[in-house]
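A look at the structure
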There are 2 protein chains.
Amino acid sequence: MDAAVRCFAEQTQVSMTDIAREAGVGRVTLYGHFPSRERLIEAALERALDDARCVLAAADPDSGPADEALRRLLRSSWSVLDRYRRLFDSAQRELGSTKMREQHDPAMAMVAALIDRGRREGTFRTDLPVDWLVTTVYTLLHAAAEDVNNGRQSAGDVTGLLEATLLQALAPPV
Amino acid sequence: MDAAVRCFAEQTQVSMTDIAREAGVGRVTLYGHFPSRERLIEAALERALDDARCVLAAADPDSGPADEALRRLLRSSWSVLDRYRRLFDSAQRELGSTKMREQHDPAMAMVAALIDRGRREGTFRTDLPVDWLVTTVYTLLHAAAEDVNNGRQSAGDVTGLLEATLLQALAPPV
């Protein structure tokens, strides 16, 4: 599992052979644990998302003003996503976007709860459904990762872009 | 080509055999024109994006206030995207997000030009780079298509969500 996560973090075209080599086991052993590349990517993604949930919870989204909490959540999310952005790209291709989004649901539930609180406190807009606002956050976070992967943005600028775009997109309309 | 576009519009798991059958030709003939599924999806995507460019140009993005022009552009984009949203999903998986975004560059150049004009006219924000604002538009449009594909939103509501989110995200900060 560690070997797989390392391989996916470093390159985009990762084969089962690469991962077996990195783990110091034979391909037969690797296939004994993960019957297909898809299952292995799914397991690697699960591990990344466990990390994400821990980091997000540590950002303490239930405390303080909702907009400040969202800023903390975005910075934390980016720190995890930046580490796993190539894995995410492979997983998107292997699993498809619907399954990908489903796998993110537990982590995104924290974002949904925060948006919900911000709506009750008058910090976030109530004219659009919560699930669309969650899609907006989820999507722009991953778009930022893609833009870094393909060289359109640099990793250091991304949290600023995300905060400026999302805080404004989620604010109550004037 | 027509057969491929029809197949991809209706289902997600499309094989070369399905497309050959729909076109009324043998698989050998189909492979004679398109040596791989990837090449065929690329050609189908190109056709969809040609459509998109025509429809976007017809929305006359150079006329009138930039925010009104963006609303027209979003409605037109959605009308095309709604037609091709399953093809987009297959293409995303087959080609990966970097190539996908590159293929969209000519169509997104119209969005970039409009955002640029809106910035000069004081309608859109100038505190973030244009290419990030283009990413924001591109991403949310396709996120809406995904949300409709996976049943999170209904196709009829999408233009309202996109307009409300993007007009506000692109406005100058108060």
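Residues numbered from 1 in each chain as written. Chains lettered and ligands numbered in written order. Predicted model: local features only at pLDDT ≥ 70, side-chain atom pairs only at ≥ 80, totals over all residues. Heavy atoms only, no water.

Going by an unreviewed UniProt entry, chain A carries the name Helix-turn-helix transcriptional regulator and comes from Actinokineospora xionganensis.

1. With respect to the overall build of chain A
Applied cut-off: Elements are defined by DSSP. Helices are runs of H or I of four residues or more, strands are runs of E of two residues or more, and each kind is numbered from the N terminus. Only protein chains enter the accessibility calculation, which uses a 1.4 Å probe; a residue whose area is less than 20% of its type maximum is buried, one above 50% is exposed, and one in between is partly exposed. Residue contacts are counted whenever heavy atoms from the two residues lie within 4.5 Å of one another.
Check the secondary structure of chain A and you find eight helices and zero strands. Secondary structure elements of chain A occur, N-terminal to C-terminal, as α-α-α-α-α-α-α-α. Considered along the principal axes of its C-alpha atoms, chain A spans approximately 60 × 30 × 25 Å. Out of the 174 residues in chain A, the part that is buried amounts to 51%. For chain A, contacts bridging at least 24 residues in sequence account for 66% of all contacts bridging at least 6.

2. Remarks on the packing of helix α5 (residues 66-95) of chain A against helix α5 (residues 66-95) of chain B
Threshold: Each axis is a line fitted through C-alpha atoms, and for a helix only the stretch in contact is used; angles between axes span 0 to 180 degrees, taken between their N-to-C directions. Roughly parallel covers angles under 35 degrees, roughly antiparallel covers those over 145, roughly perpendicular covers 65 to 115, and oblique covers all other angles. What makes a crossing left-handed is the near helix being turned counterclockwise from the far one by less than a right angle; a clockwise turn instead makes it right-handed. In this classification, the charged set is Asp, Glu, Lys and Arg, the nonpolar set is Ala, Val, Leu, Ile, Met, Phe, Trp, Tyr, Cys and Pro, and all remaining amino acids, among them Gly, are polar.
Where α5(A) contacts α5(B), the axes come no closer than 8 Å and their chain directions differ by 130°. When the axis of α5(A) is compared with that of α5(B), the two are oblique. Remark: the crossing between α5(A) and α5(B) carries left-handed chirality. Contact residues: Gln92(A), Arg93(A), Glu94(A) and Leu95(A) in α5(A); Gln92(B), Arg93(B), Glu94(B) and Leu95(B) in α5(B). Here the contact of α5(A) with α5(B) is composed, by residue class, of two nonpolar, two polar and four charged.

3. Side note on unusual backbone geometry
Of note, Asp60(A) is a non-glycine position whose phi angle comes to about 55°, a positive value. Along the chain, the position of Asp60(A) falls in the loop between α4 (37-58) and α5.

4. Regarding the pattern of salt bridges
Residues and elements named next belong to chain B. Note the threshold: Each reported salt bridge corresponds to a side-chain nitrogen of Lys or Arg within 4 Å of a carboxyl oxygen of Asp or Glu.
Taken as a whole and assessed by the stated rule, the structure comprises 34 salt bridges over all chains. The partner of Asp2 in a salt bridge is Arg47, and the shortest N-O contact between them spans 2.5 Å. Placement of Asp2 in helix α1 (residues 2-10) and of Arg47 in helix α4 (residues 37-58) is noted, with a sequence separation of 45 residues between them. Of the residues examined, Arg47 reaches a relative accessible area of 33% and is grouped as partly exposed. Note that Asp82 is salt-bridged to Arg85, the shortest N-O span being 2.7 Å. Here Asp82 and its partner Arg85 are both found in helix α5, three residues apart, which amounts to about one turn of the helix. The buried category is assigned to Arg85, whose relative accessible area is 15%.

5. Quick notes on the UniProt feature "domain: HTH tetR-type" (unreviewed entry) in chain A
Under the convention used in this document: UniProt positions are given in the numbering used here, feature names are shortened, and annotations may be inferred rather than shown by experiment.
UniProt records the feature "domain: HTH tetR-type" (unreviewed entry) at residues 1-52 of chain A, using the numbering of this structure. The span residues 1-52 of chain A shows a helical share of 77% and a strand share of 0%, and its end C-alpha atoms are spaced 17 Å apart.

6. Side note on the packing of aromatic side chains
Our working rule: Centres within 6.5 Å make a pair out of two Phe, Tyr or Trp rings, where for Trp the six-membered ring is used; the pair is then stacked when the planes are under 30 degrees apart, edge-to-face when over 60, and tilted otherwise. The rule is short: NZ of Lys or CZ of Arg within 6 Å of the ring centre and within 35 degrees of the ring normal puts a charge over the ring.
Taken as a whole, this structure holds zero aromatic pairs over all chains when the rule is applied. When the ring centre of Tyr138(A) is taken as reference, the NZ or CZ atom of Arg101(A) above it lies at 4.9 Å.

7. Side note on the relation of the copies chain B and chain A
Copies of the same chain, two in number, are related to each other by a rotation about an axis and a translation along it. Where we set the bar: Our superposition of the copies is a least-squares fit, built on the C-alpha atoms of residues whose pLDDT is at least 70 in both.
You can overlay chain B on chain A at an RMSD of 0.0 Å; the transform is a turn of 180° with a shift of 0.0 Å along its axis. A rotation of that kind, with that shift, is consistent with a two-fold axis. Of the interface residues in chain B, 100% have counterparts in chain A that sit at the interface too, so the contact is made through matching surfaces.

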